[in-house]
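Next come the chains, spelled out residue by residue.
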Amino acid sequence: MRDLTADAPQPLVRVEGLKMYFPIRTGLLRQHTGDVKAVDDVSFTIPAGETLGLVGESGCGKSTVGRAILRLYEPTAGRVEIEGEDVLALPPNRLRKKRPTMQMVFQDPQASLNPRMTVASIIAEPLEEHTDWPRARKTERVYELLDAVGLNRRFANRYPHEFSGGQRQRIGIARALALNPKFIVCDEPIAALDVSIQAQVVNLLEDLQEKLGLTYLFISHDLSMVRHLATRVAVMYLGRIAELSNSAALYANPLHPYTQALLSAVNEPDPELAARRNRIILTGDVPSPANPPAGCTFCTRCPKVFDRCRIERPDLVEVEPGRQVACHLYTEKTNQAGSTGGFGALSHRQQTNQQGVSR
Amino acid sequence: MTDATVIEAPRSLWLDVWAQFRAHRGAMVGLFVLIFLLLFVLVGPLFWTKEPILVNSNTAQMFKSRNLGASLTNPLGTDQVGRDIMARLMLGGKVSLAVGFVAMGVAIGVGTLIGVLAGYFRALDNALMRLTDMFLSLPLLPLLLVLVYLYGGVMRAEFGPNLGTFFIIVAGIGLTSWMHVARIVRGQVLAVKEREFVLAARSIGTPSRRIITRHILPNVLSPVMVAATLGIANAIITESVLSFLGQGFQPDFPTWGSMLNYAYNNQSYPVQMIWPGLAISLTVLSVNYIGDGLRDALDPRIRGR
């Protein structure tokens with residue numbers, strides 16, 4: 001893992017105040033009666049060559065952030081600078097020219113490959129769109145890419161259904177790499193794969209990052225994979241970032257109560273430790289993003305909720321060097337609860353493990 | 001990595017498709033039947049030169065040659081005014097097949113275009129689908145009759161009696177039978193459009209027109225193919241109805257549909273009904289099987305199994 005406290009180089013990706021509202025239309029006249037606030041005021045930066053992990057539970061807006069950054073959706077507000085250029089303000093023809101720098105790897109490798117195209121034509125599609133190379137050169141590049149992702153060149157003429165999940169994901173990665181991008185959004189690239197294959201794909205992504213100097217936005221709900229891969233981690237809850245921190249510190253000492261709960265759910269391979277750990281079981285459901293709570297979005301489920309949380313929405317502020325949290329526990333000078341952090345602070349909630357054994 | 005020299009170059013898709021198509025027995029039989037029918041109507045008249053349209057001016061001879069059974073001079077017999085049925089079948093087939101294929105082509109073309117536009121571009125969806133509903137709610141046969149009645153004369157004056165009638169019939173049938181295709185295609189496009197590979201293509205920067213031709217159209221092909229094969233039969237039958245009602249080709253000009261109709265009114269000789277009926281059935285059946293084989297051959301998940 002890299003040194004995280006060192007001065008960050010000029011960021012390759014800068015996201016400021018990104019908002020993605022999906023309008024709700026009701027009635028006969030399809031009147032605009034509200035918005036699903038899938039992403040509400042998200043800001044972060046990713047320095048070149050680094051990986052930002054974006055974690056959170058299903059429906060919290062992780063994938064929407066990834067797609068809005070690449071302008072696969074038209075965001076409601078905000079700026080997304082990639083190499084200093086605001087992607088959200090580009091006219092269509094300039095956006096098309098910009099596409100080669102930013103690419104995406106999709107969650108479901110079965111669905112993200114056209115079943116009627118051969119592997120060669122799938123990987124060559126970006127080349128068809130953005131280069132005027134002769135056919136032989138395109139074919140050569142396709143073979144190079146197959147080598148790079150560890151697939152046999154003989155597979156070029158086959159169709160996606162002839163491959164396993166891991167191989168299909170490699171095809172998806174090869175397609176994303178075809179135009180030498182600088183920034184790749186990995187939208188849960190391992191969620192649909194077997195555990196045994198996940199490691200292979202993650203290692204491939206790491207190797208490629210090292211070789212090609214790629215910058216990743218790695219969206220996942222698998223916290224242990226993010227820990228392995230990411231230099232910094234952003235935890236999202238209901239369309240907002242709850243905590244943004246370098247990964248070592250976040251995993252050692254999670255600050256936001258939601259992060260604490262999330263980390264306590266990670267499986268522990270050692271049965272001794274597993275029996276001893278304190279699971280924080282959150283009660284209730286995630287509120288609807290169409291009608292989020294007035295104050296902190298997490299106030300309906302937070303074990304440490306107090307009055308201010310229900311009224312005032314906390315901003316994402318830096319509480320330690322390189323660590324930002326959106327929680328009133330850390331902005332209120334008088335409240336010292338945050339300083340204990342970790343699991344200990346919550347030990348009164350859940351004394352037993354899942355088997356009900358207390359140690 | 002494997003040695004680069006042993007790797008075959010990217011194969012042609014159409015060679016794979018043909019290999020799979022050949023493996024489909026029904027499709028191959030259908031293809032041969034269709035080729036036989038085409039040869040029969042196109043090459044046949046070169047060898048079988050009996051008069052198909054004009055009635056023998058010698059009334060006595062004409063009366064003697066009416067409604068004959070099969071013989072060496074008239075292998076399929078003669079009709080109620082003494083014309084050779086085989087010659088009429090050849091000439092009529094040319095028209096019927098042309099009407100069937102071209103009208104089906106027009107219907108599929110218009111239907112696919114409207115279906116894809118409605119399915120892919122949300123802004124157009126409502127307008128185009130209401131237009132489709134409007135066409136569906138029209139009584140088609142009276143509409144066709146009015147259409148041919150109003151514009152048939154202009155077309156006949158422009159292109160000659162037979163070609164003019166052909167154009168107006170093909171246009172009329174095509175423009176009144178695209179609605180079901182449009183609906184099927186729209187539904188399929190709506191489903192395919194949400195698949196991740198379309199999103200992937202957009203993230204690459206593929207423009208909409210190529211997303212449609214490269215990713216969406218190949219994936220909505222199967223239902224279009226089925227609709228097309230059924231459309232041919234419909235077009236042939238509709239043409240015969242029009243001719244029967246006096247708004248199609250002139251009564252002495254044979255088509256399979258009109259031959260069937262005249263034979264139906266001359267029921268003492270049912271054998272005259274068999275031949276045009278058989279020809280229409282064979283055409284529809286063979287096209288149906290070809291469509292079936294083509295659909296399988298174009299699907300890589302079935303191909304090679």
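Digging into the pairing of strand S11 (residues 317–320) of chain A
Residue and element names in this part refer to chain A. In the sheet, S11 pairs with strand S12 (residues 323–325) via 3 bridges, with the strands oriented antiparallel. Bridge pairing in S12 links glutamate 318 to glutamine 324. Where S11 hands over to S12, the hairpin turn is made up of 2 residues, of which glycine 322 adopts a positive phi near 75 degrees.

Describing the interface of chain B and chain A
Counting residues at the interface gives 34 residues for chain B, matched by 33 residues for chain A. The contact between chain B and chain A buries some 3100 Å² in all, and 53% of this surface belongs to carbon and sulfur atoms. There are 4 salt bridges connecting chain B and chain A. The partner of Glu129(A) in a salt bridge is Arg214(B), and the shortest N-O contact between them spans 3.1 Å.

Considerations on the sheet that holds strand S3 (residues 51–55) of chain A
All names here are of chain A. Spatially, the 8 strands line up as an open sheet ordered S6-S7-S8-S3-S9-S10-S12-S11, and their pairing is mixed. The sheet terminates laterally at strand S6 (102–105) and S11, the two strands that pair on one side only. Geometrically, the sheet is characterised by an average inter-axis angle of 25 degrees between neighbouring strands, direction not taken into account. The strands that helix H6 (residues 195–212) touches are S3, strand S7 (183–187) and strand S8 (215–220); relative to S8, the one it contacts most, it runs at about 160 degrees. The strands that helix H9 (residues 257–264) touches are S3, strand S9 (232–237) and strand S10 (240–246); relative to S9, the one it contacts most, it runs at about 105 degrees.

Considering the sheet that holds strand S4 (residues 77–82) of chain A
Residue and element names in this part refer to chain A. Spatially, the 4 strands line up as an open sheet ordered S2-S1-S4-S5, and their pairing is antiparallel. Each edge of the open sheet carries a strand with a single partner, namely strand S2 (31–47) and strand S5 (85–86). Here helix H1 (residues 62–69) sits on the sheet and contacts strand S1 (11–26), S2 and S4; the angle it forms with S1, its principal contact strand, is near 110 degrees.

Quick look at the pattern of salt bridges
All names here are of chain A. Evaluated as defined, the whole model comprises 26 salt bridges over all chains. In this structure, the salt-bridge partner of arginine 67 is aspartate 187, at a minimum N-O distance of 3.8 Å. Note that arginine 67 is positioned in helix H1 and aspartate 187 in strand S7, a separation of 120 residues in sequence. The salt bridge partner of lysine 138 is glutamate 128, with a shortest N-O separation of 3.3 Å. With a gap of 10 residues between them, lysine 138 in helix H4 (residues 135–148) and glutamate 128 in helix H3 (residues 119–130) connect regions that are remote in the sequence. The exposure class of lysine 138 is buried, given its relative accessible area of 12%.

What counts, and at which threshold
Along each chain, residues carry numbers from 1 onward, in the same order as the chain's sequence is written. Lettering for chains starts from A, numbering for ligands starts from 1, and both go in the order in which the items are written. Two thresholds apply to this predicted model, a pLDDT of at least 70 for residue-level local features and 80 or more for giving and counting side-chain atom pairs, whereas whole-chain, interface and lining totals are computed over all residues. Only hydrogens and water are removed before side-chain values are computed, so all heavy atoms of the structure are retained for them. The criterion for strand pairing is that DSSP finds at least two bridges linking the strands in question. Helix and strand definitions here come from DSSP, where helices need a minimum of 4 consecutive H or I residues and strands a minimum of 2 consecutive E residues; each element is numbered from the N-terminal end. Every residue pair with non-hydrogen atoms within 4.5 Å of one another is taken to be in contact. Accessible area that two parts lose when put together, with a 1.4 Å probe and added across both, is what the buried area reports. Within this document, salt bridges are pairs made up of a side-chain nitrogen of Lys or Arg and a carboxyl oxygen of Asp or Glu, the two lying within 4 Å of each other. Think of each axis as a best-fit line through the C-alpha atoms, taken over the contacting stretch in the case of a helix, with angles from 0 to 180 degrees between the N-to-C directions. Exposure classes here rest on a 1.4 Å probe applied to the protein chains alone. A residue is buried below 20% of its type maximum, exposed above 50%, and partly exposed in between.

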